[in-house]
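# Tertiary structure, described
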Amino acid sequence: MSLTISLNDGSQVPWLGFGTGTALFGQDAATFVKAAIETGITHLDGAQAYRNEETLGKGIKDSGVKREKLFITTKLAETPAGPIKSTLKTSLKDLGVDQVDLFLIHSPFLARKEEGKLKQWWKEMEEIKKEGLAKSIGVSNFKVEDLQVILEDATIIPSVNQIEMHPYIWDTASVVYDFCKEKGIVVQSYGGLSPITVYSGGSVDPILASAAERLSKESGTTVSPGQVLTKWLIQKGVIIITTSSKVSRIKESLAVPSLPDLTSDEISAIETEGLKVHKRYRMRHVFDE
Ligand SMILES: NC(=O)c1ccc[n+]([C@@H]2O[C@H](COP(=O)([O-])OP(=O)(O)OC[C@H]3O[C@@H](n4cnc5c(N)ncnc54)[C@H](OP(=O)(O)O)[C@@H]3O)[C@@H](O)[C@H]2O)c1
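Residues numbered from 1 in each chain as written. Predicted model: local features only at pLDDT ≥ 70, side-chain atom pairs only at ≥ 80, totals over all residues. Heavy atoms only, no water.

Note the cut-off: UniProt positions are given in the numbering used here, feature names are shortened, and annotations may be inferred rather than shown by experiment.
Looking up the chain in an unreviewed UniProt entry gives the name NADP-dependent oxidoreductase domain-containing protein, with the organism given as Rhodocollybia butyracea. According to the UniProt record, the Sequence similarities (unreviewed entry) comment for the chain reads "Belongs to the aldo/keto reductase family."

### Digging into the site of the ligand
Note the threshold: Proximity is defined per residue: if any heavy atom of the residue lies within 4 Å of a molecule or strand, that residue is considered near it. In protein, a polar contact requires one atom able to donate a hydrogen and another able to accept it; more generally it is a pair of N or O atoms within 3.5 Å, and residues adjacent in sequence count only if both atoms are side-chain atoms. Each accessible area is a Shrake-Rupley result for a 1.4 Å probe, and residues are judged covered by the shown protein chains and nothing else.
In the vicinity of the ligand, 29 residues are found, and the nearest of them are Asp-45, Thr-242, Ser-244, Ser-245 and Lys-246. Gly-19 places a polar main-chain atom, nitrogen or oxygen, 3.5 Å from an oxygen atom of the ligand. Between an oxygen atom of the ligand and a main-chain N or O atom of Leu-193, the distance comes to 3.0 Å. For the ligand, the accessible surface in isolation is 910 Å², of which the surrounding protein chains cover 86%.

### A look at unusual backbone geometry
Counted only if it meets this: Secondary structure elements are taken from DSSP: a helix is a run of H or I of four residues or more, a strand is a run of E of two residues or more, and numbering for both begins at the N terminus. Partly exposed describes any residue whose relative accessible area lies between the buried limit of under 20% and the exposed limit of over 50%, with all areas from a 1.4 Å probe on protein chains only and scaled to the type maximum.
If you check the backbone angles, Thr-22 has positive phi at about 40° while not being a glycine. Following the sequence through the fold, Thr-22 ends up in the loop between β3 (16-19) and α1 (30-39). With relative accessibility at 44%, the residue Thr-22 sits in the partly exposed group.

### Points about the pairing of β3
Our working rule: DSSP-based pairing: two strands are paired if at least 2 bridges between them are found. Orient the strands so they point away from the viewer, and a crossover whose first-strand-to-second-strand path over the helix runs clockwise is right-handed.
Neither face of β3 is open: one carries Leu-16 and Phe-18, the other Gly-17 and Gly-19, and all of them are buried. Relative to strand β10 (residues 239-242), β3 is paired through three bridges, and the arrangement is parallel. The residue bridging Phe-18 from the neighbouring strand is Thr-242, located in β10. The pairing of β3 with strand β4 (residues 43-45) spans two bridges and is parallel. What sits directly across from Gly-19, in β4, is Asp-45. This β-α-β element, β3 to α1 to β4, shows right-handed connectivity.

Right under this line is the structure:
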């Protein structure tokens with residue numbers, strides 16, 4: 001099923017992105033990217049900080065899929081090595097493309113410390129979109145306060161805020177999610193599988209298991225707790241960034257839109273159970289935790 005999400009500038013984003021950070025950080029991502037594209041992924045999530053944009057570019061080229069069929073994201077390094085535009089030009093060269101579909105400020109952490117810096121960065125991002133080096137622009141790991149700073153003077157509203165989002169972080173993520181929704185900024189989630197990958201055994205497990213059992217019965221296929229988490233994210237209307245070294249798991253994720261929906265009771269149980277604990281896996285420094 002090809003599901004896309006509309007951004008505030010009219011661009012369409014494939015609902016599931018394959019990430020080249022975390023497990024592939026600093027690694028040669030080419031074979032994994034090629035395999036992901038061959039499995040049906042059309043959205044790739046990279047970053048200058050991942051130190052593997054060249055191999056992301058190689059994987060894209062090796063897949064043989066036409067550039068216009070793919071949605072490619074990269075992100076500005078937390079400490080940019082020069083003017084933002086020149087860092088993006090280096091990324092474009094490494095990726096082997098003339099334009100990225102989405103360019104994000106990876107983190108507000110350092111810019112936040114210097115008066116006026118965040119606003120200046122956003123101005124540079126707006127220039128980049130105007131020049132066509134990135135089709136859409138956005139941010140990542142921005143709290144409401146960070147968004148408010150750039151929105152004061154923005155002539156272009158960020159299209160996306162990519163944040164850690166899973167039930168165990170719903171207490172803080174929901175505040176950012178609600179604000180983004182109000183402003184027309186689409187949330188992209190990362191770390192969505194953390195409740196089963198890094199925090200298994202927690203309060204959300206029983207509801208994931210019971211929902212997986214119900215969905216398995218209704219769909220006639222075996223539905224996993226990971227697929228239930230992915231379904232929860234889809235029903236929250238977010239774009240999902242995940243990754244896997246295993247083609248079987250990429251297929252599992254791609255199958256989720258075709259599964260029956262979670263009921264509103266299941267959704268509220270996932271959120272109620274998730275709110276019982278707070279666990280942030282990434283970017284604790286950005287959220288002062
Ligand atoms: N903007 C940011 O600051 C930021 C921060 C972190 C991540 N990201 C982006 O988001 C991407 C994904 O991040 P993430 O690793 O946190 O995502 P995730 O979707 O929570 O976890 C993916 C990891 O879980 C494993 N996995 C996948 N499906 C599974 C399943 N059904 N059961 C058990 N394990 C499973 C995978 O390992 P296997 O290879 O074994 O399947 C993979 O390493 C990154 O690559 C990056 O592009 C962005």
